[in-house]
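# Notes for the structure review
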Amino acid sequence: MKIIVCIKQVPDAKDVRLDPKTNTLSREGVQSIINPYDRHALEEAVRLKEKHGGTVIVLTMGPPQAAEILRESVSCGADEAVLVSDRAFAGADTLATTYTLSQAIKKIGGADLILCGKQAIDGDTAQVGPGLAVRMDIPYVTCIRRIVEASDKAFVVERLMDDGYDEVEVTLPALFTVVKEINEPRLPSLKGKMKAKKLAITTLTAADIDADTAQLGLKGSPTWVVKVFAPQLKGDRTMIEGTVQEQVDQLAEKLMEWC
Amino acid sequence: MLLIDIDACIGCGLCEANCAFDAIHVVDGIAEVNENCTLCGACVDSCEVGALKIEGIDREEKDDLSTWSGIWVYAEYRHGRIAPVTHELLGVGRKLADLKKVPLSAVLLTDKAGDVPAQLVSYGADKVYVVEDQTLAQFTDEAYGNALEDLARQYKPEVILAGATAIGRSFIPRVATSLKTGLTADCTQLDIQQEDGALLQTRPAFGGNIMATIASSKTRPQMATVRPLVMKANVPDPARQGEVIHCTIAPERLVSRVKVRNFVALEGDQVNLNEADIVVSGGRGLDGEKGFQLIAELAQLLDGAVAASRAAVDSGWMPYPHQVGQTGKTVSPKVYIACGISGAIQHLVGMQSSDTIVAINRDPHAPIFDVATYGVVGDVFEILPKLIEKIKQARSA
Ligand SMILES: Cc1cc2nc3c(=O)[nH]c(=O)nc-3n(C[C@H](O)[C@H](O)[C@H](O)COP(=O)(O)OP(=O)(O)OC[C@H]3O[C@@H](n4cnc5c(N)ncnc54)[C@H](O)[C@@H]3O)c2cc1C
Ligand SMILES: Nc1ncnc2c1ncn2[C@@H]1O[C@H](COP(=O)(O)O)[C@@H](O)[C@H]1O
């Protein structure tokens with residue numbers, strides 16, 4: 001089974017904050033990390049490979065330094081890594097991103113299974129997985145929490161819904177997005193680290209993936225950011241003081257007023 | 001591309017401070033941009049000397065936009081129930097439609113419509129497009145997506161709104177990608193731009209640390225998913241009149257390569273966390289399943305839902321669907337009661353947009369108090385039982 005895992009490098013959420021007073025960003029030592037959901041996608045791919053055989057390829061579209069997360073993924077069990085990188089991709093929204101990723105996947109010969117995280121923690125859109133599947137014309141299932149059955153031809157998976165979960169059956173090739181409940185990602189192994197060090201990363205440019213430049217980056221993006229601003233903070237907080245009973249009495253009164 | 005006028009640049013560093021992506025730096029007194037740039041424009045707005053400019057936003061309009069008109073709301077209907085977010089969408093959709101002086105329509109995809117179209121009209125729809133087909137009995141991305149796509153191509157709405165629910169966030173991207181149009185996820189505010197009537201879509205990014213306003217007005221339809229519980233529903237008016245339009249979709253478009261075999265309802269839940277007005281949430285401070293029994297009791301008393309921090313979920317005290325935060329759910333109820341939760345940023349991003357936040361924690365320095373509306377420093381095992389008792393007493397009195 002050939003599995004492609006789409007991973008994204010994101011700034012760690014806790015580092016990114018807009019100061020509402022000065023409207024400037026405090027991002028002291030912003031750490032770049034693998035999007036947390038994508039770790040679970042990678043782990044699931046590696047487990048499938050261990051059970052059924054095959055190859056796991058990690059794929060990312062991003063700046064040259066995104067190679068770091070590819071190496072980290074190889075140290076956690078991926079076999080090959082592909083970086084799609086070109087200035088022409090800058091400013092891509094999800095529509096342009098799915099175009100670029102789909103062209104890259106076609107270039108590397110497609111896959112039996114594509115795994116994505118549920119969403120990326122910077123943009124929080126959850127749109128790349130479904131959009132990519134549409135571009136590849138393959139079926140997809142979002143927010144899967146468990147693989148129940150797997151074979152070369154078909155999968156049975158549980159997809160998380162707001163009111164419970166659906167058990168669904170799907171033929172391959174297919175794309176899944178995963179939630180973190182699906183597994184506990186492993187830490188890098190020593191062998192993996194060695195492999196990652198020596199790894200040759202395939203880098204693909206816009207020309208390499210035969211891209212129509214009108215569909216790339218800012219040009220290919222129907223959405224654009226008009227402005228960014230700090231969220232309004234709530235009014236000042238009130239501490240409820242007193243003895244335990246006094247605290248409880250005040251709190252109960254408030255709760256009964258609201259609820 | 002970001003253009004830097006090196007004669008105008010004074011190297012003040014404001015752009016650097018405003019960049020969320022570490023993409024612009026002052027080097028030798030002049031700003032320099034690197035590959036991290038996403039062209040978000042934050043630096044351009046921050047520059048006080050006008051040295052920065054983004055080139056290439058002159059977007060061409062792809063087709064004649066004026067042929068697209070009207071506001072659409074996808075009416076989510078599952079397991080015999082209209083999702084409450086549908087009513088909220090009809091509320092905000094009504095406002096947008098009135099501003100633009102166009103009709104508001106709801107789209108219902110189901111195997112059995114019953115009186116649902118009439119209900120949608122009572123909440124503000126002028127028209128209801130109904131596709132009734134056996135293949136729509138279960139939600140599948142392909143059948144639902146193709147149906148909505150085909151209707152959009154036929155009737156050409158200028159705006160399509162859907163709930164940012166499991167279903168909306170799953171199949172709406174399919175429709176947007178097929179229509180090659182923009183889609184903004186999880187919006188919390190929608191406005192119409194005065195000058196050109198464009199839909200301005202505001203949403204939290206970076207887990208709520210930053211708000212971004214997004215436009216996609218050069219293509220049609222302009223599409224957005226909207227966070228539940230943020231918009232206000234109108235009071236239903238059973239006397240409202242509307243038109244119900246029954247549509248058929250080509251059978252081959254209703255075929256799905258994904259088959260739903262079975263549905264398992266969330267156990268032990270009275271209230272759906274995403275839709276709850278009141279959420280009672282517990283963390284590691286609850287110290288086990290026993291502690292969560294207190295949370296459940298208070299939640300039930302207040303007609304609320306139960307939530308948990310990741311630490312509590314990882315400890316096995318609550319199942320994952322209850323986890324709130326960066327790798328769990330994002331909720332914005334009227335009241336969020338955080339018990340024994342420290343308030344790590346990964347938790348805060350999932351709940352900080354709640355209307356009122358009550359925090360109970362024995363550590364007065366816990367960061368949860370920074371976002372709290374009301375704070376109680378104390379032991380949850382002392383406070384919660386007394387609180388439950390007090391509310392019960394007051395209710396029975
Ligand atoms: C990539 C990533 C993603 C993450 N995603 C999430 C997420 O989605 N959701 C999430 O919640 N976390 C998430 N986390 C974890 C997060 O950083 C915190 O570890 C977690 O939220 C801590 O949970 P807690 O507040 O319950 O536990 P703790 O931090 O241990 O806090 C427990 C609190 O309870 C108080 N307390 C203890 N006993 C009592 C008592 N008897 N009475 C009153 N107060 C008491 C303590 O003072 C303390 O403040 C994520 C982390 C990472 C790295
Ligand atoms: N630039 C990218 N390169 C590779 N994969 C991506 C990229 N952006 C998003 N993805 C994948 O799509 C998922 C959803 O991202 P998003 O739609 O941005 O929330 C992520 O978890 C990744 O698996």
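Let us look at the structure shown here. (Residues numbered from 1 in each chain as written. Chains lettered and ligands numbered in written order. Predicted model: local features only at pLDDT ≥ 70, side-chain atom pairs only at ≥ 80, totals over all residues. Heavy atoms only, no water.)

## Brief notes about the interface of chain A and chain B
Each partner contributes residues to the interface: chain A has 86 residues there, and chain B has 108 residues. Overall, the association of chain A and chain B removes approximately 8,900 Å² of surface from exposure, summing both partners, and the carbon and sulfur fraction of that is 58%. There are eight salt bridges connecting chain A and chain B. We note a salt bridge from B:Arg261 to A:Glu169, for which the minimum N-O separation is 3.4 Å. (Contact = heavy atoms within 4.5 Å. Buried area = accessible area lost by both parts, 1.4 Å probe. Salt bridge = Lys/Arg side-chain N within 4 Å of Asp/Glu carboxyl O.)

## A word on helix H3 (residues 94-107) of chain A
Turn by turn, an α-helix covers 3.6 residues, leaving residues three or four places apart pointing in a common direction. Residues and elements named next belong to chain A. End to end, H3 covers 20 Å across 14 residues, agreeing with the expected 20 Å (1.5 Å per residue, within 8%). Along H3, the positions that sit buried rather than exposed are Thr 94, Leu 95, Ala 96, Thr 97, Thr 98, Tyr 99, Thr 100, Leu 101, Ser 102, Gln 103, Ala 104 and Ile 105. Between a side-chain oxygen at the N-terminus of H3 and the backbone nitrogen of Leu 95 the separation is 3.0 Å; the capping residue is Asp 93. Positive backbone phi, approximately 90°, marks Gly 109, located one or two places after H3. (Helix = DSSP H or I, 4+ residues; strand = E, 2+ residues; numbered from the N terminus. Expected span 1.5 Å × (residues − 1). Buried < 20%, exposed > 50% of the residue type's maximum accessible area, 1.4 Å probe, protein only. Polar contact = N/O pair within 3.5 Å; in protein donor to acceptor, adjacent residues only side chain to side chain.)

## Regarding the nonpolar core
A:Leu59, A:Leu132, B:Leu109, B:Leu151 and B:Phe171 are the most contacted members of the largest nonpolar core, which has 55 residues in total. With sequence-adjacent residues up to four places away left out, B:Leu109 is seen in contact with B:Tyr74, B:Val131, B:Leu136, B:Tyr144, B:Ala147 and B:Leu151. Grouped together as the second largest cluster of nonpolar side chains are 41 residues, A:Cys143, B:Phe292, B:Leu384 and B:Ile388 included. (Core = buried A, V, L, I, M, F, W, Y, C linked by side-chain atoms within 4.5 Å.)

## Side note on the site of ligand 1
Close to ligand 1 lie 26 residues; B:Arg284, B:Ser309, B:Thr327, B:Ser342 and B:Asn361 are nearest. More than one chain lines the surroundings of ligand 1; the residues nearby belong to chains A and B. A distance of 2.7 Å separates an oxygen atom of ligand 1 from a polar atom in the side chain of B:Gln346. Note that an oxygen atom of ligand 1 is positioned 2.7 Å from one of the side-chain N or O atoms of B:Asn361. (Near = heavy atom within 4 Å.)

## Focus: the packing of aromatic side chains
Taken as a whole, this structure holds ten aromatic pairs over all chains when the rule is applied. Taking the centre distance of 5.7 Å and the plane angle of 40° together, the rings of A:Trp258 and B:Tyr374 count as tilted. Residue A:Trp258 is found in helix H6 (residues 244-258), and its partner B:Tyr374 is found in strand E22 (residues 374-377); the two belong to separate chains. Classification of A:Trp258 by relative accessible area gives partly exposed; the value is 28%. For B:Tyr374, a relative accessible area of 18% puts it in the buried group. Look at B:Phe139 and B:Tyr144: their rings are 5.1 Å apart centre to centre, the planes differ by 75°, and that puts the pair in the edge-to-face class. Clustering of aromatic rings is evident, with ring pairs tying together B:Tyr74, B:Phe139, B:Tyr144 and B:Phe171. (Phe/Tyr/Trp six-rings, centres within 6.5 Å; stacked < 30°, edge-to-face > 60°.)

## Focus on the pattern of salt bridges
Tallied over the entire structure, the rule returns 33 salt bridges over all chains. In this structure, B:Arg81 and B:Glu275 form a salt bridge, with 2.5 Å as the shortest nitrogen-oxygen distance. Of the two residues, B:Arg81 is situated in strand E7 (residues 81-82) and B:Glu275 in the loop between strand E17 (258-265) and strand E18 (278-282); the sequence distance between them amounts to 194 residues. With relative accessibility at 22%, the residue B:Glu275 sits in the partly exposed group. B:Asp150 is paired through a salt bridge with B:Arg253; the nearest N and O atoms lie 2.7 Å apart. Remark: B:Arg253 occurs in the loop between strand E16 (243-247) and E17 and B:Asp150 occurs in helix H5 (residues 141-155); sequence separation between them is 103 residues. According to the relative accessible area criterion, B:Arg253 is partly exposed, its value standing at 24%. Among the charged side chains, a network of salt bridges with common partners joins A:Glu43, A:Arg47, A:Glu50 and A:Arg186.

## Brief notes about the sheet that holds strand E10 (residues 154-161) of chain A
Spatially, the ten strands line up as an open sheet ordered E13(A)-E7(A)-E6(A)-E1(A)-E8(A)-E12(A)-E9(A)-E10(A)-E11(A)-E17(B), and their pairing is mixed. Two strands lie at the open edges of the sheet, namely strand E13 (202-204) of chain A together with E17 of chain B, each paired on one side alone. Put simply, the sheet's adjacent strands are angled 30° from each other on average, direction ignored. Pairing of strand E9 (residues 140-150) of chain A with E10(A), which is carried by five bridges, proceeds in the antiparallel orientation. From the neighbouring strand, A:Ala150 faces E10(A), where its bridge partner is A:Phe155. (Pairing = 2+ DSSP bridges. Axes fitted to C-alpha atoms, helices over the stretch in contact; angles between N-to-C directions.)

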